[in-house]
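# A structural walkthrough
Letter by letter, the chains look like this.
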Amino acid sequence: MKHRTLGTNGPAVSAVGLGLMGMSEFYGATNDTESITTIHRALDLGVNLLDTADIYGAGHNEQLLGRALAGRRRDEAVVATKFGSRLHEGTFTVDSTPQYAKKAVDASLARLGLDHIDLYYLHRRNPAVPIEDTVGALAELVAAGKIRHIGLSEVNADTLRRAHAVHPVAALQSEYSLWERGLEAKTLPTARELGIAVVPYSPVGRGFLSGAIKDVATLAADDYRRYDPRFQGENLRQNLRLADQVRAVAAEAGITPTQLALAWLLHQGDDIVPIPGTKRVSYLEENAAAADIELDARQLAELEAALPPGAAAGLRYPEQLMHRVDN
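Residues numbered from 1 in each chain as written. Predicted model: local features only at pLDDT ≥ 70, side-chain atom pairs only at ≥ 80, totals over all residues. Heavy atoms only, no water.

The N-to-C vectors of helix α5 (residues 157–166) and helix α6 (residues 187–194) enclose an angle of 20°; their axes lie 9 Å apart at closest approach. Between α5 and α6, the angle falls in the class roughly parallel. The way α5 lies across α6 gives a crossing that is right-handed. Counted together, Ala157, Leu160, Arg161 and His164 of α5 and Thr187, Thr190, Ala191, Glu193 and Leu194 of α6 form the full contact between these two elements. By residue class, the composition of the contact of α5 with α6 is 4 nonpolar, 3 polar and 2 charged. (Axes fitted to C-alpha atoms, helices over the stretch in contact; angles between N-to-C directions. Helix = DSSP H or I, 4+ residues; strand = E, 2+ residues; numbered from the N terminus. Parallel < 35°, antiparallel > 145°, perpendicular 65-115°, else oblique. Left-handed = near helix turned anticlockwise from the far one by under 90°. Contact = heavy atoms within 4.5 Å. Nonpolar A, V, L, I, M, F, W, Y, C, P; charged D, E, K, R; others polar.)

Right, dumping it as structure tokens:
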């Protein structure tokens, strides 16, 4: 497995990581035994960046990762988790206060069964709380040895710059893929100027670019994508044409559409580390193999022409949730 570095002085991680969220919720039925097998297989393959959050499954996801790493496998993993998104009586809120950061990290450490977290992200930011205050608290956690590196998620270029001035930020985790390229305008250039790695979540467009999803009716009843604007009505019809073009380029290259989507991201720069999520070993192995795929200039040009910035139809989240990103 090829490796990349998170930030200027951050950890060396696999070029392709593993997102664990779906092992607890949002994408249909889950199975802890299968998920732990998948985590162990990831480590066997050298996929060492394992990404979770305290909100996933109301803590279940962190506990699951803790069980998978218990014993000898801890040293093989770079554990990334997040705080700031909270669920109270069925309502999601955002708490990025310093007080909550210090409380949340202790709860995450307990669920994970670890003495430190390698990369600790602010999952979402409440604009009412100065980012300097939040990052100042995270810097104190670094000094205390509870976390090793600081990350931010879904913040804009200005916030990223202000945060980095308080304490070095190793990684920015935001949605980035062939069908979501909004990061490229301002935030990605700022991250590169500051030496901050970018960790794309949903790097295959929530699985859409795989070409496997053509109708949300085929998805599990509790699958989040049933409510995703890009999977609805006319948006879906337009986006299916994009997926067809990805599939055509992938077929010519002799790889899967998923591998093409991941390889495209990896070709955007050595500071890009996608974290495709999966619950299954077969998909994990497919994703990991993308790290070794080389795309030529013609293939990259074809993808650029077929899926330029703004090509995807529809908002990337339901309208009522869009206020939580790019803060």
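With that settled, the discussion passes to the packing of aromatic side chains. Counted under the stated rule, the structure contains 6 aromatic pairs. For the ring pair Phe83 and Tyr100, a centre distance of 6.3 Å and an interplane angle of 50° mean the geometry is tilted. Linking Phe83 in strand β5 (residues 78–83) with Tyr100 in helix α3 (residues 98–112), this pair joins segments that are 17 residues apart in sequence. Assigned by exposure class, Phe83 and Tyr100 land together as buried. Put simply, the rings of Phe83, Tyr100 and Tyr120 touch in pairs and so form one group of aromatic residues. Above the ring of Tyr317, the side-chain terminus of Arg206 is found at 4.8 Å from the ring centroid. A cation over an aromatic ring shows up here: Arg230 above the ring of Trp179, its NZ or CZ 5.2 Å from the ring centre. (Phe/Tyr/Trp six-rings, centres within 6.5 Å; stacked < 30°, edge-to-face > 60°. Buried < 20%, exposed > 50% of the residue type's maximum accessible area, 1.4 Å probe, protein only. Lys NZ or Arg CZ within 6 Å of the ring centre and 35° of its normal.)

All right, on to the packing of helix α4 (residues 131–143) against α5 then. Between α4 and α5, the least distance of the axes is 9 Å, while the angle of their chain directions is 40°. If you check the angle between α4 and α5, you find them oblique. By crossing handedness, the relation of α4 to α5 is classed as right-handed. Residues Ile131, Glu132, Val135 and Gly136 of α4 touch α5, and the partners they reach there are Thr159, Arg162, Ala163 and Val166. Here the residues of the contact of α4 with α5 sort into 4 nonpolar, 2 polar and 2 charged.

Moving on: helix α1 (residues 32–44). Relative to the 18 Å expected for 13 residues at 1.5 Å per residue, α1 spans 18 Å between its end C-alpha atoms, a close match to the ideal helical length. Listed as buried for α1 are Ser35, Ile36, Thr38, Ile39, Ala42 and Leu43. Taken end-on, α1 shows its buried residues confined to a sector of 155°, consistent with a single buried face. Taking the backbone nitrogen of Thr33 as reference, a side-chain oxygen 3.0 Å away marks Asn31 as the first, capping residue of α1. Two residues or fewer past α1, Gly46 is found with a positive phi of approximately 90°. (Expected span 1.5 Å × (residues − 1). Arc of directions from axis to C-beta. Polar contact = N/O pair within 3.5 Å; in protein donor to acceptor, adjacent residues only side chain to side chain.)

Enumeration according to the criterion identifies 29 salt bridges in this entry. Here Arg316 makes a salt bridge to Glu175, at a shortest N to O gap of 3.0 Å. Note that Arg316 is positioned in the segment after α10 (297–306) and Glu175 in strand β10 (residues 171–175), a separation of 141 residues in sequence. Residues joined in a network through salt bridges with shared partners are Glu154, Glu175, Arg206, Asp228 and Arg316. (Salt bridge = Lys/Arg side-chain N within 4 Å of Asp/Glu carboxyl O.)

Moving on, we get to the sheet that holds strand β9 (residues 147–153). One open sheet accounts for 7 strands, arranged β3-β4-β5-β8-β9-β10-β11; its pairing is parallel. Each edge of the open sheet carries a strand with a single partner, namely β3 (18–19) and β11 (197–201). By the bridge criterion, 2 bridges tie β3 to strand β4 (residues 49–51) in an arrangement that is parallel. Opposite Leu18, over in β4, you have Leu50 as the bridge partner. Set on the sheet, α3 makes contact with β5, β8 (117–122) and β9; between it and β8 the angle comes to about 135°. (Pairing = 2+ DSSP bridges.)

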